[in-house]
Every structure is written in C-alpha cells, then in structure tokens.
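# Structural description and commentary
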Amino acid sequence: MILNSFLSHCNLGIASLIPPWPVLAVVAEDSPIILSGVLLTLVVIYLASKLGAEAARRFDFPPVLGELVAGVIVGVSALHLVIFPEGGLAASDSLIMTALQGLNPLTPDAVTRIFESQSEIISVLAEIGVIILLFEIGLESDLRQLKEVGIQATVVACVGVAVPFAAGTAGAMVLFHVAAIPAIFAGAALTATSIGITSKVLSELGQLKSKEGQIIVGAAVIDDVLGIIVLAVVASLAKTGEIDVTNVIYLIVGATAFLFGSIALGGIFNKSFVAIVEKLKTRGNVVIPAFIFAFFMAFLGNAIHLEAILGAFAAGLVLDETDARNELDELIKPIADLLVPIFFVTVGARADLTVLNPAIPENRAGLLIAVFLVAVAIVGKLVTGWAVFGQPGINRLAIGVGMIPRGEVGLVFAGIGSASGILDKPLEVSIIIMVILTTFLAPPFLRVAFGNTNGETPAIEASPSVESASK
C-alpha cells in the first residue's frame with residue numbers, strides 16, 4: 001500500500017520532471033548528495049538492526065522485536081536519524097540532512113528536495129525488503145499443508161476482520177460519539193494483520209511449518225486481501241460518502257482469481273522453471289530466474305490494485321514445489337538478510353511514541369479512545385483461535401496472538417484517513433497508538449503462547465533455512 005502511494009506520487013511528478021531542461025540539471029546536481037544521504041541512512045539502519053537483534057536475542061526475545069525497537073530509537077521518537085516527510089516532518093528535523101548540509105552548501109529548496117528523494121528511496125527499499133520476506137516465507141511454507149488448513153485459515157481471517165470491525169465501529173459511535181464515517185474508518189483500521197511481522201517471528205521460533213503457523217500465515221494472507229477490500233470501501237466513503245460497489249466487486253473477484261490462479265498454474269510453471277535453470281550455465285542461474293518470477297508476480301499484484309507482497313508470497317508457494325527449492329532457500333537468505341532489516345527498522349522509525357504523552361493536551365482524548373481500540377484490537381484477534389474447528393489439541397492462543405500485530409498496514413489506514421480529512425486528531429492518535437502497541441506486543445506474546453503449548457502442538461523440527469533466519 002505504501003508502494004502504491006509512492007508510485008502514484010511518481011506518476012503525478014513525471015510531467016513536472018520532464019520540462020524544462022534546467023530542472024533536470026538541478027536534479028542531476030542533487031544526485032550525488034541524495035546518494036550520500038541514502039548510504040548514510042543505510043549505515044544507520046544496518047547498525048541499528050544488528051545491535052537491536054543481538055540485544056533482543058540476548059534477552060531471549062525474537063530478533064525482529066529488537067529491530068523494531070532499534071527503529072524507534074533511530075526514528076521520529078528519539079534520535080531523528082531515520083525520518084520521513086509524510087509524518088509532517090521537515091528536512092531540518094533530520095540529523096542526517098543536517099550532516100549533509102554541513103558538508104555541502106545547499107539552499108533550503110535543495111535540502112527539501114534531497115530529503116524527500118532520499119526518503120522515497122529508503123521507502124522503496126523497505127517495500128522491496130518486505131516483498132523478499134514474503135517470497136522467502138512462501139518458499140518456506142508447505143503448499144500442501146496450507147491447502148489442508150485452507151478452510152480453517154479462511155474462517156480465522158473472516159472472524160479476525162468481522163469481530164474487530166464491528167466492535168470498533170459500534171464502540172466508537174456509542175461510547176465516544178464519533179460520527180459514522182470516522183467510526184467506520186477506525187473499525188477498518190482494526191481489521192489489518194501484518195503478515196510480515198508475524199511470519200518473521202514464526203520463522204525465528206521454528207513454528208512456521210507447524211499447523212498453527214500455517215493457519216496464521218494462510219489467515220494473514222486472506223486477511224490482507226479482505227483488508228484491501230475494506231480499505232477500498234472506507235476510502236470511497238471518505239471521498240464521496242457512498243460505497244463504489246463496482247470497485248468492491250472488482251477487488252473481490254481480482255483477489256480470488258489472482259491467488260487461486262497463481263497456485264493452479266504452479267505445476268505448469270514449475271516444469272518450465274526447472275528446464276530454464278538446467279539450460280542456464282552462468283552464475284545466478286537459479287536465483288535470477290526466481291527473482292524475475294517473484295518480482296513479476298509482485299508487479300501483477302500491485303498492478304491490479306492488490307498487494308505486491310501477495311504476489312511475492314504466491315510466487316514463493318509456487319516455487320516451493322520445484323526441485324531447486326532447497327538450493328533457492330540458501331541463495332535467498334543473504335539477499336533477505338540485506339534488505340528485510342530495512343523494512344523492520346523503518347516500521348519502527350515511523351512509530352511516533354510522542355502520541356503516548358498525556359502532557360500534550362490533544363493526546364488526552366486520543367488516549368481514552370486508544371485504550372478502547374487496543375482492547376478491541378487484541379480481543380478481536382484472540383477470538384480467532386477459537387474459530388478453528390476440527391483440530392483437537394491445536395494451540396488456539398498462539399493462533400489468536402499471531403493475528404494481533406497491525407504493523408505498517410494499520411499505519412496506512414491511519415495515513416489515508418488523516419490525508420482525507422476524515423479523522424480528527426484524537427481519533428488519529430488513538431489509531432496510531434493501537435498500531436504501535438499491537439505491533440510491539442505481538443512478538444513476545446507469540447513466543448509465550450508457543451512456549452505454553454505443553455505438548456499440545458506437535459514439535460516440528462525447523463528447516464535449515466528457518467534456523468538460520470533466527471541467527
């Protein structure tokens with residue numbers, strides 16, 4: 001979703017970048033400084049992610065939680081090293097831009113241009129990181145087992161969307177007297193699930209291939225599709241006050257056809273992929289065709305107004321059935337290690353914890369609504385575990401906890417609502433608090449939930465790729 005808005009921004013800006021030629025000259029002059037800003041930002045991100053992951057592992061927490069916390073420290077809440085203009089921040093708020101300005105004589109306009117360009121590049125790298133993460137998760141998932149839990153995953157996803165949406169919307173209207181459309185927007189923000197964060201934690205815990213893990217991943221994928229549809233509905237409400245039925249039907253049909261079509265054509269593509277790999281003799285004969293397929297599937301998902309990560313996940317599921325899968329697992333890991341941390345650190349960097357400060361008057365009303373939204377966000381997903389049927393001894397608590405984190409998806413809801421003018425400051429603050437808390441609480445709670453299985457969940461030996469992901 002973030003990538004969608006970025007591409008829209010780029011499309012709108014193309015016309016302004018072509019004429020006149022002097023503008024191109026100015027942009028060309030900025031390029032070395034933009035590159036310097038990107039490189040310095042990446043140094044901060046990698047240093048923060050590694051220190052955070054190591055610290056989290058030392059305290060027996062999932063490393064991804066350490067990366068998120070490290071992102072908060074270097075982001076808008078603390079050091080202002082990794083910040084983004086969409087949060088209302090200016091180039092003068094960035095310590096990296098201050099350093100660049102000290103090294104180069106820049107005009108205020110040039111500083112703003114460089115800051116925005118650098119931020120867009122980091123955002124795109126983060127999006128590529130999460131695409132690669134979901135591609136890797138698709139490869140590590142068992143398509144046959146995912147099909148076996150397909151009905152349960154669908155039920156879990158539907159319950160996980162319906163319960164928090166209904167409870168959040170009704171509660172906002174009845175308890176806090178929020179108008180109908182803003183209340184619907186708040187309820188919609190509660191429906192999201194961050195598949196990236198949950199799947200990474202499951203991988204680190206060695207539970208990705210467990211029955212609970214497969215139900216969570218399958219439900220999160222379906223949840224993401226449903227979330228896109230809900231977002232389309234509330235976005236049309238925000239713009240016109242009416243629901244665009246045609247667009248909703250298109251999204252439902254498109255999402256269903258895309259996912260099932262990808263899996264159905266998998267058998268045909270697998271044979272073609274193996275044949276291509278066998279004919280290629282140069283370096284990268286396995287990983288390059290795999291990424292061509294993954295990025296093309298991500299492009300298709302994005303092009304038909306779904307999620308790029310859904311396409312990448314579908315590509316991973318398809319290639320999971322090939323003979324080259326084990327070799328591909330090993331080849332993708334170093335690439336994922338390079339790009340995935342950018343995603344998690346930037347998620348933490350965007351989280352503005354100042355919204356939790358009750359000393360700021362405009363935060364107080366939002367804090368009251370936030371308490372309610374956080375409760376609904378947690379309970380509304382926990383109940384999904386008890387929606388699973390026909391699975392005696394299943395760890396229902398782990399399934400429910402796995403659906404809790406809202407992550408970047410919830411922030412997109414808040415951002416769209418704020419940009420449309422539908423959300424007032426207290427409601428916007430409450431949604432952001434809900435997103436932050438659910439994102440940070442889920443990883444340690446998921447570890448506790450799986451630690452309390454007491455033998456109910458069959459022990460599953462982590463694959464080599466899963467084990468290394470936790471290192």
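Chains are numbered independently. Their residues run from 1 in the order of the written sequence. For a predicted model such as this one, the threshold for reporting local features is a pLDDT of at least 70, and the threshold for listing and counting side-chain atom pairs is 80 or more; totals across whole chains, interfaces and linings nevertheless cover every residue. Only hydrogens and water are set aside; all other atoms, that is, all heavy atoms of the structure, feed into the side-chain values.

## Digging into the pattern of salt bridges
Definition used for salt bridges: Asp or Glu carboxyl oxygen within 4 Å of a side-chain nitrogen of Lys or Arg. One pass over the full model with this rule turns up one salt bridge. Linking E330 and K333 is a salt bridge whose minimum nitrogen-to-oxygen distance equals 2.7 Å. Taken together, the residues span about one helical turn, with E330 and K333 both in helix 15 (residues 325-350) at a distance of three residues. Only DSSP runs of H or I with at least four residues qualify as helices, and only runs of E with at least two residues qualify as strands; both kinds are numbered from the N terminus onward.

## Concerning the packing of helix 4 (residues 95-103) against helix 5 (residues 108-140)
The relative placement of two packed helices is expressed as an angle between their axes plus a distance between the axes. Only C-alpha atoms enter the line fits that serve as axes; for helices the fit covers just the stretch in contact. Angles between N-to-C directions range over 0 to 180 degrees. In the contact formed by helix 4 and helix 5, the axes pass within 11 Å of each other and the chain directions differ by 135°. As far as their axial angle goes, helix 5 and helix 4 are oblique. Crossing hand, helix 4 versus helix 5: right-handed. Facing helix 4, whose interface residues are I96, M97, L100 and Q101, helix 5 presents V111, I114, F115 and Q118. Three classes are used: nonpolar for Ala, Val, Leu, Ile, Met, Phe, Trp, Tyr, Cys and Pro, charged for Asp, Glu, Lys and Arg, and polar for all others, with Gly counted as polar. Split by residue class, the contact of helix 4 with helix 5 holds six nonpolar, two polar and no charged. Roughly parallel covers angles under 35 degrees, roughly antiparallel covers those over 145, roughly perpendicular covers 65 to 115, and oblique covers all other angles. By definition, turning the near helix anticlockwise from the far helix through less than a right angle yields a left-handed crossing, and turning it clockwise yields a right-handed one. Contact between two residues is taken to exist if any of their heavy atoms lie within 4.5 Å; hydrogens are not considered.

## Points about the confidence of the model for the protein
Predicted coordinates in areas of low pLDDT are best not read in detail. Confidence of the predictor in every single residue is expressed as pLDDT, which spans 0 to 100. Here the protein averages 78 in pLDDT, and 81% of its residues register 70 or above. This stretch, residues 1-26, has a pLDDT under 50; its non-local contacts, to residues over four places away or in other chains, come to 21 contacts.

## Brief notes about the nonpolar core
Within the largest apolar cluster, 109 residues are counted, with the highest numbers of intra-cluster contacts made by L134, F135, L319, L328 and F344. Counting 25 residues, the second-largest nonpolar core is a separate cluster that includes A172, V230, I422 and M434. Within this scheme, the nonpolar core is defined by two criteria: the residues are buried Ala, Val, Leu, Ile, Met, Phe, Trp, Tyr or Cys, and they are joined through side-chain atoms within 4.5 Å. Only protein chains enter the accessibility calculation, which uses a 1.4 Å probe. A residue is then buried if its area is under 20% of the maximum for its type, exposed if over 50%, and partly exposed in between.

## Some remarks on the side chain of S49
Summarising the element assignment, S49 is placed in helix 2 (residues 21-58). For S49, the contacting residues outside a window of four places in its chain are E67, A70, P341 and V345.

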